[in-house]
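In case you want the letters, here they are:
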There are 2 protein chains.
Amino acid sequence: MTFVKPDDIIQLIQERGYRLTTARKKVIGILANHSEFLGAYDIHHLLEQENTRIGVASIYRVLDLLKSLGLLKSEEFGVGGEKYRLDNEHSHHHHSHQLICSQCGHTEELLGECPISHIADKLERDSGYQIEEHWLRFFGVCPLCREQ
Amino acid sequence: MTFVKPDDIIQLIQERGYRLTTARKKVIGILANHSEFLGAYDIHHLLEQENTRIGVASIYRVLDLLKSLGLLKSEEFGVGGEKYRLDNEHSHHHHSHQLICSQCGHTEELLGECPISHIADKLERDSGYQIEEHWLRFFGVCPLCREQ
DNA sequence: ATAAGTGCAAATCGTTTGCACACTT
DNA sequence: AAGTGTGCAAACGATTTGCACTTAT
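The text that follows walks through the structure, step by step, so that each part is easy to find. Note that this is a predicted model, so its numbers are computed, not measured. (Residues numbered from 1 in each chain as written. Chains lettered and ligands numbered in written order. Predicted model: local features only at pLDDT ≥ 70, side-chain atom pairs only at ≥ 80, totals over all residues. Heavy atoms only, no water.)

## So, the pairing of strand 3 (residues 94-101) of chain A
Residues and elements named next belong to chain A.
So, point 1. Taking burial as the measure, the eight residues of strand 3 include seven buried ones, the bulk of the element.
So, point 2. One ladder, built from eight bridges, connects strand 3 with strand 5 (residues 130-141); its direction is parallel. Following the sheet pairing, C101 is matched in strand 5 by G140.
So, point 3. As defined by bridge partners, strand 3 adjoins strand 4 (residues 107-109) across three bridges and the pair is classed as antiparallel. For L99, the partnering residue across the bridge sits in strand 4 and is E108.
So, point 4. Adjacent in sequence and paired antiparallel, strand 3 and strand 4 are bridged by five residues, among which G105 carries a positive phi angle near 85°. (Buried < 20%, exposed > 50% of the residue type's maximum accessible area, 1.4 Å probe, protein only. Helix = DSSP H or I, 4+ residues; strand = E, 2+ residues; numbered from the N terminus. Pairing = 2+ DSSP bridges.)

## Quick word on the protein's contact with DNA strand D
So, point 1. Taken together, the neighbourhood of DNA strand D is formed by 21 residues, with A:Y60, B:R19, B:T21, B:S58 and B:R61 sitting nearest.
So, point 2. Take the atoms of DNA strand D that sit within 4 Å of the protein: sugar and phosphate atoms are 64% of them.
So, point 3. Residue B:R24 places a side-chain N or O atom 2.9 Å away from a phosphate oxygen belonging to DNA strand D.
So, point 4. Contact distances for DNA strand D include 2.8 Å between a base nitrogen and a side-chain N or O atom of B:R61.
So, point 5. For the surface near DNA strand D, the secondary-structure elements that each account for two or more residues are helix 4 (56-68) of chain A together with helix 2 (22-32) and helix 4 (56-68) of chain B.
So, point 6. The residue makeup of the surface near DNA strand D, split by class, is eight nonpolar, six polar and seven charged. (Near = heavy atom within 4 Å. Polar contact = N/O pair within 3.5 Å; in protein donor to acceptor, adjacent residues only side chain to side chain. Nonpolar A, V, L, I, M, F, W, Y, C, P; charged D, E, K, R; others polar.)

## So, the nonpolar core
So, point 1. Core analysis: the biggest nonpolar cluster contains 28 residues, and A:I116, A:F138, B:I116 and B:F138 have the highest contact counts within it.
So, point 2. When residues of this core are traced back to their parent elements, those giving at least two are strand 3, helix 5 (117-127) and strand 5 of chain A together with strand 3 (94-101), helix 5 (117-127) and strand 5 (130-141) of chain B.
So, point 3. Counting residues in each nonpolar core, the second largest holds 25 residues, with B:I59, B:L65, B:L69 and B:L71 among its members. (Core = buried A, V, L, I, M, F, W, Y, C linked by side-chain atoms within 4.5 Å.)

## A short note on the interface of chain B and chain A
So, point 1. Contact residues are listed per partner, giving 32 residues for chain B and 32 residues for chain A.
So, point 2. Carbon and sulfur atoms make up 65% of the surface buried where chain B meets chain A, a total of about 2,800 Å² over both sides.
So, point 3. Our enumeration of links across chain B and chain A arrives at zero salt bridges.
So, point 4. Here chain B is connected to chain A by 11 residue pairs in polar contact (both at pLDDT 80 or more).
So, point 5. When residues of the side of chain B that touches chain A are traced back to their parent elements, those giving at least two are strand 3, helix 5, strand 5 and helix 6 (143-147) of chain B.
So, point 6. No other element matches the 12 residues that strand 5 of chain B contributes to the side of chain B that touches chain A. (Contact = heavy atoms within 4.5 Å. Buried area = accessible area lost by both parts, 1.4 Å probe. Salt bridge = Lys/Arg side-chain N within 4 Å of Asp/Glu carboxyl O.)

## Focus: unusual backbone geometry
So, point 1. One non-glycine residue, A:N51, lies in positive phi territory at about 60°.
So, point 2. Summarising the element assignment, A:N51 is placed in the loop between helix 3 (40-49) and helix 4.

## Some remarks on the packing of aromatic side chains
So, point 1. Following the criterion strictly, the structure yields three aromatic pairs over all chains and no others.
So, point 2. Here the aromatic rings of A:W135 and B:F139 are separated by 5.1 Å at their centres, their planes lie at 55°, and the arrangement is tilted. Of this pair, A:W135 sits in strand 5 while B:F139 sits in strand 5, on two different chains. As far as the burial class goes, A:W135 and B:F139 line up, both buried.
So, point 3. Pairwise contacts between aromatic rings join A:W135, A:F139, B:W135 and B:F139 into one cluster.
So, point 4. For A:R137, the ring lying beneath its charged end belongs to A:W135, and the centroid distance is 4.1 Å. (Phe/Tyr/Trp six-rings, centres within 6.5 Å; stacked < 30°, edge-to-face > 60°. Lys NZ or Arg CZ within 6 Å of the ring centre and 35° of its normal.)

## Section: the packing of helix 1 (residues 6-15) of chain A against helix 2 (residues 22-32) of chain A
Residue and element names in this part refer to chain A.
So, point 1. With their axes 10 Å apart at the nearest point, helix 1 and helix 2 run at an angle of 145° to one another. As helix 1 packs across helix 2, the resulting crossing turns out to be right-handed. Mapping the contact onto sequence places P6, I9, I10 and I13 in helix 1 and K25, I28 and A32 in helix 2.
So, point 2. For the contact of helix 1 with helix 2, a count of residues per class yields six nonpolar, no polar and one charged. (Axes fitted to C-alpha atoms, helices over the stretch in contact; angles between N-to-C directions. Left-handed = near helix turned anticlockwise from the far one by under 90°.)

## Describing the protein's contact with DNA strand C
So, point 1. In the vicinity of DNA strand C, 21 residues are found, and the nearest of them are A:T21, A:R24, A:S58, A:R61 and B:Y60.
So, point 2. At 2.9 Å from a base oxygen of DNA strand C is found a side-chain nitrogen or oxygen belonging to B:R19.
So, point 3. One of the backbone N or O atoms of B:L20 is found 3.1 Å from a phosphate oxygen in DNA strand C.
So, point 4. Elements represented by at least two residues in the surface near DNA strand C include exactly helix 2 and helix 4 of chain A together with helix 4 of chain B.
So, point 5. Across the surface near DNA strand C, the residue classes tally to eight nonpolar, six polar and seven charged.

## Some remarks on the pattern of salt bridges
Pairs may arise between side chains of opposite charge once their charged atoms sit close together.
All names here are of chain A.
So, point 1. This structure, assessed with the given rule, holds two salt bridges over all chains.
So, point 2. With a closest N to O distance of 3.6 Å, K73 and E133 form a salt bridge. Of this pair, K73 sits in strand 1 (residues 72-76) while E133 sits in strand 5, placing them 60 residues apart in sequence.
So, point 3. A residue is classified by how much of its surface remains accessible, and E133, at 22% relative accessible area, is partly exposed.

Structural measurements only, silent on function.
As structure tokens, this is what we get:
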């Protein structure tokens, strides 16, 4: 369940000179125990269930801190705002490659060698952007949907 | 510059029994002249520059209509809300390549040779999917945001 | 002790909605 | 004439910010 150990994060926070507060410990605790993506209010509700009351504003601030430490992966899932998950893969350039059926929505992760990294390197030099991540998504009709 | 002819859209709108109003004509006009993705407020500002005042609410309503007619492609680029672009290419392997600043949300279309088409071809053979489209998106920090 | 961090409420941003009025058909 | 579509302002949900207060160092 736990991807990243709360203690490691807490240590990093202290090493960097940030204070170790209840809000930070609690939010990290929740994130460490959930492998799914959670929204700020999800975290807020989960904390309420533990009888801990941390203001949403502070939750956002903890999330920002973790993001700035590179410990958090966030995504937008269409509706309901941004969602967050701990992510210890410090490997700087994240990527996600998918093959998605445009009819039934079935999604496959494409594994194996990343065919984009050299393009990213060139782009980084050419554009002046510091590239952190890329997505490559193919949309098409899967064999099953093609039959019909 | 123009991907989809405004007249075709206008015709479709009338065929479907929707009324042909100034707001609809103007918004379609803007979209037809811009190949980039535009947000509702981008459209609003562009219209102001033409001395046309259409309420944002109406712009959203026109966008919803076009979306329901399948003429609009919309995407979320992390910051600044949803962005829209006309899109009539109902068939052939369509692609979109972008470089997006993860801080300010600035988006650039990457033009030139498609570096993915051969990957798509191979994937089509290997997977049995009939690939119609792909996106390649690079996220990073743009030179301006890096300065700060 | 002192600065960093918090809670709260107000502010903001993108988007939606209710309603009276305007315009296409 | 009838009813669709509009503008406006208020409502909304997610996120941010200002400020006085608390707490970790």
